[in-house]
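Tertiary structure, described
What follows is the residue order along each chain.
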Amino acid sequence: MSQKDYVLKPGDKVIRRPSSSELSPIATHIEHRRVPIRGATSPMVLVYSFFAVAVVGALLLSMPAMNSTHHFLSPIETFFTSVSAMTGTGLVVSDTREAFTGLGQAVIAGLIFVGGLGFMTGAAALLFLMGRRSSMQARLVIGAGLDDSRLGRVATLAKGIILMAVLVQLAGAVFLFVRWYLVGPAWEGLSVGEAIWQSIFTSVSSFNNAGFDIIPDELAGGSSLTGFANDIPTLLIIGVLILAGSTSYAVLANVTRVRGWRKLTLDTKLVLLGIGLMLLIGFLAFLISEWNNPRTIGDETLAGKLTQSTFHSVNRTSGFSTVDYGQLDSANTSVTTGLMFVGGVSASTAAGIKVNTLMVIGVATYAMLGGRQRAKIFGREIPRINVMRAFTVGAAGAAAVLILVIALFTVQPELEYKMAVFEIISAFGTVGWSAGITSSLNDAALTVVSMTMFVGRFGPLTIALFMAGRERESLVKYPQERVRIG
């Protein structure tokens, strides 16, 4: 039967055969979405913003009204102080109380508060305060920094972090005021106005893991918290503030909203486990190494040794101290250096490569040593891309520290090696503990340490955001070939 004799029936489908001219290939181009390295949605714009804040802070602190000399200060020294405050480090060239007036101290407290919120949260808050509608890429970048990829929750999450930070710091100030003034004056002649300002400044410095203090050394009994070495309530309040700031809002929210270990996220479980291990290691290292050291806690009672060892294990991300860190035992210095390099938790007020990063590296290493190709823990598998990011951040952090140590010795070669390395890692982790060489650094060395504080605070997160923004599936597979390892 020919085509023209065919009769269509109901339900029949007509298929038209395309002509040869209609079968020509169609070329198209799919553009990959990446986070640009320049522009308004780049993670670097956040770094630039906070660098600008540090410059403004340095200019303000150099003004005669801000310092006790009532003259213009060296821009190198004020920039160092501004960066130290904004990054929450606490390293200082001179005593904060003696060098700056009340107005200057208020500027430092403001820099600590802004920097402590983290440049991710600060950027999100800035977008909302300016009334700007953020783009899809900007929300993805901010969400990655806040550890929440749900776009609708970025605004709520940022507001929650800011609200939590303000409330915790206010509560800390109230508790410190009660302890330092209502229960009994922290030192002789303490007025109500001075007690209020001391409580506010110390609470802000503690929560943001800054380690700055304006406590009068001659009245309180020593530098930093030396005069409160056996004051358990004071150390407890400051220790809780430090832990709250260095643990991050995401972890605290998950713990308070979820009941039971099994319902916690894998990130929270790893963080809690990592913090516990670091607290235990820090406590044992300090207690054992300094037990008979008369220059630190050797002459303290058993209660005093336990109290100070506990405080300094909590204080690994901050810069307060009840002993002279230049007098630590070498073994304890080594452990402390490692703890400072790790720092706090992702999206917290602390810096370093982060506890999350260390735990992922640890789980992946354990899996590889056991002959397993996948990193699994608590019944969950960590994605390979997360493992690669963790190793990248850890390696980049180690390389940055090495380069900065070399740079420090290049500009000031007469420094003692152990002290210089301790200073650089303390700056990288924005801890603020000093072995006593900060005041002896020349201008070039101060610049290197300033760069170290900035790199330690913003570097690891910036690297992680760049990797998150540029991640894409490779369309080309290459032949595999093994490389000898070890």
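Residues numbered from 1 in each chain as written. Predicted model: local features only at pLDDT ≥ 70, side-chain atom pairs only at ≥ 80, totals over all residues. Heavy atoms only, no water.

This part covers a nonpolar patch on the surface. A contiguous nonpolar patch, built from V255, W261, L272, L273, L277, I281 and F378 and spanning about 570 Å² of accessible area, is present on the exposed surface. Looking at the nonpolar patch, the element that brings in the most residues is helix α12 (residues 266–290), giving four residues. Examined against the element boundaries, L272 turns out to sit in helix α12. Taking the relative accessible area as the measure of exposure, L272 reaches 33% and is therefore partly exposed. (Patch = residues over 30% accessible without salt bridge, like charges linked within 9 Å, V, L, I, M, F, W, Y side chains within 5 Å. Areas by Shrake-Rupley, 256 points an atom, 1.4 Å probe, with all protein chains shown as cover. Salt bridge = Lys/Arg side-chain N within 4 Å of Asp/Glu carboxyl O. Helix = DSSP H or I, 4+ residues; strand = E, 2+ residues; numbered from the N terminus. Buried < 20%, exposed > 50% of the residue type's maximum accessible area, 1.4 Å probe, protein only.)

When its volume is computed, the second largest pocket comes out at roughly 780 Å³. Around the second largest pocket, the lining comprises 18 residues; the ones closest to its centre are M368, R372, Q373, R384 and R482. Of all the secondary-structure elements, those providing two or more residues to the lining of the second largest pocket are α15 (355–369) and α16 (384–411). No other element matches α16, which puts four residues into the lining of the second largest pocket. (1 Å grid on protein atoms, 1.4 Å probe; cavity = no way out; pocket = protein on both sides within 12 Å on 5 of 7 lines; lining within 4 Å. Points joined across faces, edges and corners; volume = space filled by probe spheres on them.)

Now for the environment of T307. Structurally, the position occupied by T307 is in helix α13 (residues 302–314). The class of T307 is buried, set by a relative accessible area of 18%. Residues T307 and L287, spaced 20 residues apart in sequence, show a C-alpha to C-alpha distance of 9.7 Å. When sequence neighbours within four positions are dropped, the list of residues in contact with T307 reads A229, I232 and L235. (Contact = heavy atoms within 4.5 Å.)

Next up on the list: empty space enclosed by the protein. Enumeration over the complete set of coordinates arrives at five cavities of 30 Å³ or more. Considered as a void within the structure, the largest cavity measures approximately 90 Å³ in volume. I161, M164, F207, A347 and T349 are, among the 13 residues lining the largest cavity, the residues nearest its centre. Those elements giving two or more residues to the lining of the largest cavity turn out to be α7 (154–182) and α10 (232–247). In terms of residues, the lining of the largest cavity owes the most to one element, α7, which gives three residues. Residue classes in the lining of the largest cavity are distributed as eight nonpolar, five polar and no charged. (Nonpolar A, V, L, I, M, F, W, Y, C, P; charged D, E, K, R; others polar.)

Glancing now at the pattern of salt bridges. Counted according to the given criterion, the structure contains three salt bridges. D231 is paired through a salt bridge with R179; the nearest N and O atoms lie 3.1 Å apart. Separated by 52 residues along the polypeptide, D231 in the loop between α9 (217–220) and α10 and R179 in helix α7 bring together distant segments of the chain. Using a relative accessible area of 14% as the deciding quantity, one classes D231 as buried. We classify R179 as partly exposed; its relative accessible area is 23%. The partner of R374 in a salt bridge is E381, with the nearest N and O atoms 3.9 Å apart. On the accessibility criterion, E381 (39% relative accessible area) is partly exposed.

Okay, the packing of aromatic side chains next. Here the structure, examined in full by the defined rule, presents 11 aromatic pairs. Their ring planes at 80° and their centres at 5.6 Å tell us that W261 and F378 sit as a pair that is edge-to-face. Taken together, the positions of W261 in the loop between α11 (249–257) and α12 and F378 in the loop between β1 (376–377) and β2 (380–381) put the pair 117 residues apart, joining distant regions of the chain. For W261, a relative accessible area of 41% puts it in the partly exposed group. Looking at F378, the relative accessible area reads 34%, which means it is partly exposed. Chaining the aromatic ring pairs together yields one cluster made of F51, F79 and F454. (Phe/Tyr/Trp six-rings, centres within 6.5 Å; stacked < 30°, edge-to-face > 60°.)

In the contact formed by α15 and α16, the axes pass within 9 Å of each other and the chain directions differ by 115°. Considering only the axes of α15 and α16, their crossing is left-handed. Contact residues: T357, V360, I361, A364 and T365 in α15; N386, V387, A390, F391, V393 and G394 in α16. Residues that form the contact of α15 with α16 fall into these classes: seven nonpolar, four polar and no charged. (Axes fitted to C-alpha atoms, helices over the stretch in contact; angles between N-to-C directions. Left-handed = near helix turned anticlockwise from the far one by under 90°.)

Our focus in this paragraph is the side chain of E290. The topology assignment puts E290 in helix α12. One buried charged residue, E290, remains without a salt bridge, the closest side chain of opposite sign being R295 at 6.8 Å. Within the local environment of E290, its side chain forms a polar contact with the side chain of T296, the two groups lying 2.8 Å apart. (Lys, Arg positive; Asp, Glu negative; His and termini not counted. Polar contact = N/O pair within 3.5 Å; in protein donor to acceptor, adjacent residues only side chain to side chain.)

Turning next to the nonpolar core. By size, the foremost hydrophobic cluster in this structure holds 42 residues, and its most contacted members are Y325, V401, L408, L415, I424 and V449. Where this core is concerned, the elements lending two or more residues are α1 (43–61), α2 (75–86), α14 (330–342), α16, α17 (417–428) and α18 (443–469). The element best represented in this core is α17, accounting for eight residues. Residues V271, L339, A375 and I377 belong to the second largest nonpolar core, which totals 20 residues. (Core = buried A, V, L, I, M, F, W, Y, C linked by side-chain atoms within 4.5 Å.)

A positive phi is found at H70, a non-glycine position, where the angle reads about 60°. Along the chain, H70 falls in the loop between α1 and α2. Taking relative accessible area as the criterion, H70 reaches 54% and is therefore assigned exposed. Despite not being glycine, T430 shows a phi value in the positive range, around 45°. Turning to its location among the elements, T430 is positioned in the loop between α17 and α18.

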